[in-house]
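In case you want the letters, here they are:
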Amino acid sequence: MSNKIQTLSGYIHEYSKSIQDPENFWSRIADSFHWQRRWDSVVEWNFEEPNINWFVNAKLNISENILERHLFILGDKPAIIWEPNDPGEAGRIITYRELYEMVCQFSNAMKAHGIGKGDRVIIYMPMVPEAAVAMLACARIGAVHSVVFAGFSAQSLSDRINDCQATMVLTSDGNFRGNKTIPIKEIVDEALKSAPSAEKVIVLQRTGQRVDMQDGRDIWWHDAITGMAKENKAEIMDSEDMLFILYTSGSTGKPKGVVHTCGGYMVYTCYSFQNAFQYSIGDVYWCTADIGWITGHSYIVYGPLLAGATTLMFEGVPTYPDPGRFWNICDKHRVNQFYTAPTAIRALQVFGTEPIEPYRLDSLKVIGSVGEPINEEAWHWYHDHVGKGKCPVVDTWWQTETGGIMISPIAGVTPTKPAYATLPLPGIQPVIVDNNGKELTGNTVEGNLCIKFPWPSMLRTTYGDHERCRQTYFSSFKGYYFTGDGVKRDEDGYYRILGRVDDVINVSGHRMGTAEVENAINEHPKVIESAVVGYPHEIKGQGIYAYVICDMEGRSEENLINEIRETVTKIIGPIAKPDKIQIVPGLPKTRSGKIMRRILRKIASGDMANMGDTSTLLNPAVVEQIKEKALTPS
Ligand code: WTA
C-alpha cells in the first residue's frame, strides 16, 4: 500500500510534509480513492464559526469505495468474519462480493420502504454482520445512519430518534450477550411510543424469540429483502454530505449528535487504519468494540473495509463462556491485529494468566488499545502476556468527534512507551495550552489538549445545533479545537493523555456526562438534588459516585438507593448505573450556588486529608458530614 509509512524516517518525512503543505499531502492520500468528481480545493476552513470543508465539491460514495473498488481484486476474499456469542454456533465468513450483494439488496429494500438521501435511520442492533450491512446500505443510498448502542434504554433510544427525527429503525428480535438474551425489539416498541417520527421498523431475526410485529410499521428483514435486486447504483454524494450522526455525552445533560461527513471521513479512517495497525492485505484484523461506539464505526466497519481488510466481528462478551474467549478467537481465526480497551484488559487481568496459557497467540503482530488512558500495569500485562513481548502496543488516542485515531504509535515504525499515546499521526497538529489559552511550546509541559489545524475526519457540527458545536469545542480556546482532555508532553516529546478536564467521566471506556447521570437520578420522585463525580476504579478506569439529597420520609436508605439505581438504568441504561450512592444532608456549594465538585471528587477517591480551601463555601460544615459517611473506595 503506497500510503503506508514503513520507517521512522518515513514517518518524520511524511509528518513534516503534512504540516508544511497539508493540501498536497491530503490530495495525494485521497487520490487512491474513487471519486465521481474530483475536488476543487482540498480544505477550506475556519475554527470561528466553525466551518470545515474537505475535498470541496468532490463527489463520491463511501460504499462504492468499500465494495465496487475492491470487487475486482478482493471479490472472493473475506470482508467480514463473524464469531457468534455461543462458540458452539457456526460462524460466518462474508466475502467482498457477498457483502456487495447484501448491501445492495438491503439498500434496495430500504428504498422500497421510502428511505432516500438525507433521511435519518436509527440502527439498534446486535453485533451481527447485518449491522454493518445496515450502515453501508444507508451510506449507499445517502441515508444518514445513527447507530445507538443496543445497551441503551428505551428512553435514551427515543431521545435520539426524536433529536434526529429518524423515520426508520433497524433492529432485531433479540440480542445474545453471554448467557443473557436481551429483548431489544421490546425496547424499540417502548421507545417508539414516544418517538412518532419512526414510521417503519425492520426487524432481523436473530434469537428467534417471540416479538410483537405492528401491522403497517414492522417488517421482518428477510421479508424486506425478498425479491430485491442484489445490485444497484450508489447515490452520488457530495464530500460534505452527512454520512452519520453518532450521539455522545458531553458536560451538559443532553447527549449531542456528532456529525461526520463523507469524503474526509473516508480518507482519514482508511489512512489511519492502514498506518496505526500496519495492516497488510490478507491479515485478519479484530476490533472488539461495539458498533454503537465510534470505534466500531471507524475501525470495525469503515476504516478496515475501505482498506480491503478482513475485519472480524464478535457478537459476545470477553468472559463467555470463559475468560479465555478473546484468546480462543485469536487462535481460531489467526488474528494478526487485535484492538481492545483497557477496561477489558484489566477485567481479564483479574483472572491471571491461566485463561491465556492454553492459547498460542502466535498469529498476533500488533495489539492496540483505545477508549481511556491505559495504566502502566495493564500495558505491561497486555504487552507481555497477550503480545508475548513481540507485538507493539498501539495506544491510540482519539474521540467520537475526531472520527479517527489522532495520537498513536505506528506499529513497529515509531516507538512505544507504556501509558503514552506517543506521537501524532501525519496531518494532526496537537498543541498544549494553559488555562488562559496560551500555547505551551517545548517539551516537559502539561495542559489542555487542543488541535490547531483541521484534519479530514473531524466533526462538522452537532446535529440541529451548530452553536452547541461552536461553544463546546471552539470557544474555550480561540482558534483551536478543544478536546476536553488534559495531556502532558514529556522530555522526548511524547504525549501522555491524562484524562478529561471537563465534567465527562469515562466508565469502562464509555463516555458519560455527570449532568446526564444527575438528570436521570433526579427523575426519582424522592430525590431533591444530586451531584455525580468519577472516582478511580480498578477495572472500569472510573466509577460513578453519586451524592444524593433525598426526602427520606417513610423510606429506608437501602431501598432508596436500589430504586435510584433502577431509575438510572431505566432512563439511560445499565452502563450509567452509579457504583456508589451516598445519601447526604447537603452538597458543598459556593455562594453563587455552584457545586464544588473538586471536593466531592476528593472524597469519592478516598482522599480525605486535604480538602483545599473551603472558606468560599456557603455551607462548610456539610463537607465534614459527607466525609463521615463516605463510602470506602473499591
Ligand atoms: C478518552 C473513543 C487516553 C479521552 C475513541 C477521549 C483516551 C475520550 C484514549 C473519547 C487513549 C480515548 N488514551 N484516553 N488511548 N482513547 N480516550 O468519544 O478522554 O468514546 O476524550 O472515543 O476517551 O471517547 P470516545
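The structure displayed is predicted, hence computed values, not measured ones.

Definitions and limits used
- In this convention, every chain numbers its residues from 1, walking through the sequence in written order.
- Residue-level local features of this predicted model are given only where pLDDT is at least 70; pairs of side-chain atoms are given and counted only at 80 or more, and the full residue set underlies all totals for whole chains, interfaces and linings.
- As a convention, hydrogens and water are excluded, and side-chain values are obtained from all of the structure's heavy atoms.
- Note that the domain bounds reflect an automated or database-derived domain assignment.
- The contact criterion used throughout is that any non-hydrogen atoms of two residues lie within 4.5 Å.
- In short, buried area is how much 1.4 Å probe accessible area vanishes from two parts on joining, totalled over both.
- The term salt bridge refers to a side-chain nitrogen of Lys or Arg lying within 4 Å of a carboxyl oxygen of Asp or Glu.
- The term polar contact refers here to a pair of N or O atoms within 3.5 Å; inside protein, the definition further demands a hydrogen-donor-capable atom paired with an acceptor-capable atom, and it admits residues adjacent in sequence only when both atoms are side-chain atoms.
- Elements are defined by DSSP. Helices are runs of H or I of four residues or more, strands are runs of E of two residues or more, and each kind is numbered from the N terminus.
- Burial classes: relative accessible area under 20% of the type maximum marks a residue as buried, over 50% as exposed, and values in between as partly exposed (1.4 Å probe, protein chains only).
- Only when DSSP finds a minimum of two bridges between them are two strands counted as paired.
- Axis angles are defined between N-to-C directions and span 0 to 180 degrees, where every axis is a line fitted to C-alpha atoms and, for a helix, only to the segment in contact.
- Whether a residue is near a molecule or strand depends on its heavy atoms: it is near if one of them lies within 4 Å of it.
- Accessible areas in this description were obtained via Shrake-Rupley with a 1.4 Å probe; residue shielding takes into account the shown protein chains only.
- Each helix should span, by expectation, one fewer than its residue count multiplied by 1.5 Å.
- Aromatic rings from Phe, Tyr and Trp, with only the six-membered ring used for Trp, were paired whenever their centres fell within 6.5 Å, and each pair was classed as stacked if the ring planes differed by under 30 degrees, edge-to-face if by over 60, and tilted otherwise.
- We call a charge positioned over a ring when the NZ of a Lys or the CZ of an Arg lies within 6 Å of the ring centre and within 35 degrees of the ring normal.
- Under the convention used here, Asp and Glu are negative, Lys and Arg are positive, and both His and the chain ends fall outside the count.
- Orientation labels follow simple angle bins: below 35 degrees gives roughly parallel, above 145 gives roughly antiparallel, 65 to 115 gives roughly perpendicular, and whatever is left gives oblique.
- Gly counts as polar in this scheme, as do all residues outside two lists: the nonpolar Ala, Val, Leu, Ile, Met, Phe, Trp, Tyr, Cys and Pro, and the charged Asp, Glu, Lys and Arg.
- A clockwise course of the path from the first strand over the helix to the second, judged with the strands pointing away from the viewer, identifies a crossover as right-handed.
- By nonpolar core we mean a set of buried residues, namely Ala, Val, Leu, Ile, Met, Phe, Trp, Tyr and Cys, connected to one another through side-chain atoms within 4.5 Å.
- This arc describes the spread of directions from the helix axis toward the C-beta atoms.

1. Structural notes on the domain arrangement of the chain
We note that the domain assignment places domain 1 (62-75 + 95-235) and domain 2 (505-628) within the chain. Distance from the C-alpha centre of domain 1 to the C-alpha centre of domain 2: 37 Å. Taken residue by residue, the interface counts six residues in domain 1 and seven residues in domain 2. Between domain 1 and domain 2, the buried area comes to about 460 Å², and carbon and sulfur atoms account for 57% of it. Contact with domain 2 buries area across many residues of domain 1, yet F152, S153 and Q155 alone supply 58% of it, more than any other trio. Applying the counting criterion to the domain 1 and domain 2 interface returns zero salt bridges. At the boundary of domain 1 and domain 2, one finds five residue pairs in polar contact (both at pLDDT 80 or more).

2. Structural notes on the pattern of salt bridges
Overall, the coordinates contain 39 salt bridges when judged by the stated rule. Among the ionic pairs, E83 bridges to R325, the shortest N-O distance being 2.7 Å. Here the residue E83 occupies a position in strand β4 (residues 78-83), and R325 occupies one in helix α12 (residues 325-332), the gap between them amounting to 242 residues. Grouping residues by exposure puts E83 and R325 together as buried. Residues E376 and R496 are paired through a salt bridge, measuring 4.0 Å at the closest nitrogen-oxygen approach. With E376 in helix α14 (residues 376-386) and R496 in strand β25 (residues 495-500), this residue pair connects regions lying 120 residues apart in the sequence. Here R496 falls in the partly exposed class, since its relative accessible area comes to 23%.

3. Concerning the sheet that holds strand β21 (residues 430-433)
Strands in a sheet are paired, the pairing made by backbone hydrogen bonds, and the direction either parallel or antiparallel. Pairing in this open sheet of four strands is antiparallel, and the strands run β21-β22-β24-β25 from one edge to the other. In this open sheet, the two edge strands, each paired with only one partner strand, are β21 and β25. For this sheet the average axis-to-axis angle between neighbouring strands, irrespective of direction, equals 45°.

4. Some remarks on the site of the ligand
Around the ligand there are 17 residues in total, and D395, T396, T400, D485 and R511 lie nearest to it. With respect to the ligand, the side chain of D395 contributes an N or O atom lying 2.7 Å from a nitrogen atom. Interatomic distance of 2.9 Å between a side-chain N/O atom of Q399 and an oxygen atom of the ligand. Within the complex, the protein chains bury 96% of what would otherwise be the 520 Å² of accessible surface of the ligand.

5. Details of the sheet that holds strand β20 (residues 393-396)
With mixed pairing, the seven strands of this open sheet are ordered in space as β5-β4-β17-β16-β18-β19-β20. Both edges of this open sheet fall to β5 (92-95) and β20, since each of them pairs with a single strand only. Across the sheet, the mean angle separating the axes of adjacent strands is 20° when strand polarity is ignored.

6. Some points on helix α6 (residues 129-141)
The end-to-end C-alpha distance of α6, which contains 13 residues, comes to 19 Å, matching closely the 18 Å that a straight helix rising 1.5 Å per residue would cover. Counting buried positions over the 13 residues of α6 gives 13, a clear majority of the element. Backbone geometry just after α6 places G142 at a positive phi near 80°.

7. Concerning unusual backbone geometry
The omega torsion of the bond from E49 to P50 falls at -10°, within 30 degrees of zero and hence cis. Within the secondary structure, P50 is located in the loop between β1 (41-46) and β2 (51-56). A cis amide bond, omega 0°, links Y320 with the succeeding residue P321. Within the chain, L361 stands out as a residue other than glycine whose phi angle is a positive 55°.

8. Some words on the packing of aromatic side chains
Under the counting rule described, the total for this entry stands at 42 aromatic pairs. Aromatic rings pair up to connect F25, W26, W35, W39, W54, F55, Y268 and Y271 into one cluster. The positively charged end of R160 is found above the aromatic ring belonging to F152, 4.5 Å away from the centroid. Over the face of the ring belonging to Y420 we find K417, whose NZ or CZ atom lies 4.7 Å from the ring centre.

9. Describing the side chain of D395
Relative to the assigned elements, D395 resides in strand β20. No salt bridge is formed by the buried D395, whose closest oppositely charged neighbour, R496, lies at an N-O distance of 7.7 Å. With sequence-adjacent residues up to four places away left out, D395 is seen in contact with S369, I374, I407, S408, P409, A419, Y420 and A421.

10. A closer look at the packing of helix α2 (residues 22-30) against helix α10 (residues 262-277)
Look at α2 against α10: their axes get within 10 Å of each other, and the N-to-C directions meet at 85°. The pairing of α2 with α10 is recorded here as roughly perpendicular in orientation. Side by side, α2 and α10 meet where F25, W26, I29 and A30 of the first sit next to V267, Y268 and Y271 of the second. Of the residues contributing to the contact of α2 with α10, the split by class is seven nonpolar, no polar and no charged.

11. Focus on the pairing of strand β16 (residues 284-287)
Burial along β16 is two-sided: the residues V284 and W286 and Y285 and C287 are all buried. In the sheet, β16 pairs with strand β17 (residues 310-314) via three bridges, with the strands oriented parallel. What sits directly across from Y285, in β17, is T311. In this region the chain leaves β16, passes through helix α11 (residues 294-306) and returns to the parallel neighbour β17; the handedness of that crossover is right-handed. Pairing of β16 with strand β18 (residues 337-340) involves three bridges; the strand directions are parallel. Each bridged residue has a counterpart across the sheet, and for W286 the counterpart in β18 is F338.

12. Concerning the packing of helix α13 (residues 342-349) against α14
Between α13 and α14, the shortest axis-to-axis distance is 10 Å and the interhelical angle comes to 75°. What the angle tells us is that α13 and α14 run roughly perpendicular. Note on element contacts: α14 touches α13 through E377, A378, W381 and Y382, opposite I345, R346, L348 and Q349. The class makeup of the residues in the contact of α13 with α14 is five nonpolar, one polar and two charged.

13. Details of the nonpolar core
The biggest cluster of nonpolar side chains holds 123 residues, and the ones touching the most others in it are W26, W35, F55, L99, F106, F277 and Y302. Residues V148, M512, I561 and V568 belong to the second largest nonpolar core, which totals 48 residues.

14. Quick word on helix α8 (residues 184-192)
Buried within α8 we find I184, K185, V188, D189, A191 and L192. The buried residues of α8 occupy an angular sector of 165° when projected down its axis, which confines them to one face. Buried-residue contacts for α8 involve α7 (154-164), β8 (168-172), β9 (175-177), β10 (180-182), β11 (200-204) and β12 (218-220).

15. A few points about the environment of I564
With respect to the element layout, I564 can be found in helix α17 (residues 557-571). Here I564 falls in the buried class, since its relative accessible area comes to 0%. In this structure the C-alpha to C-alpha distance between I564 and A520, which are 44 residues apart in sequence, comes to 8.7 Å. Those residues in contact with I564 that sit more than four places away from it in its chain are I521, H524, V527, V548, C550 and I581.

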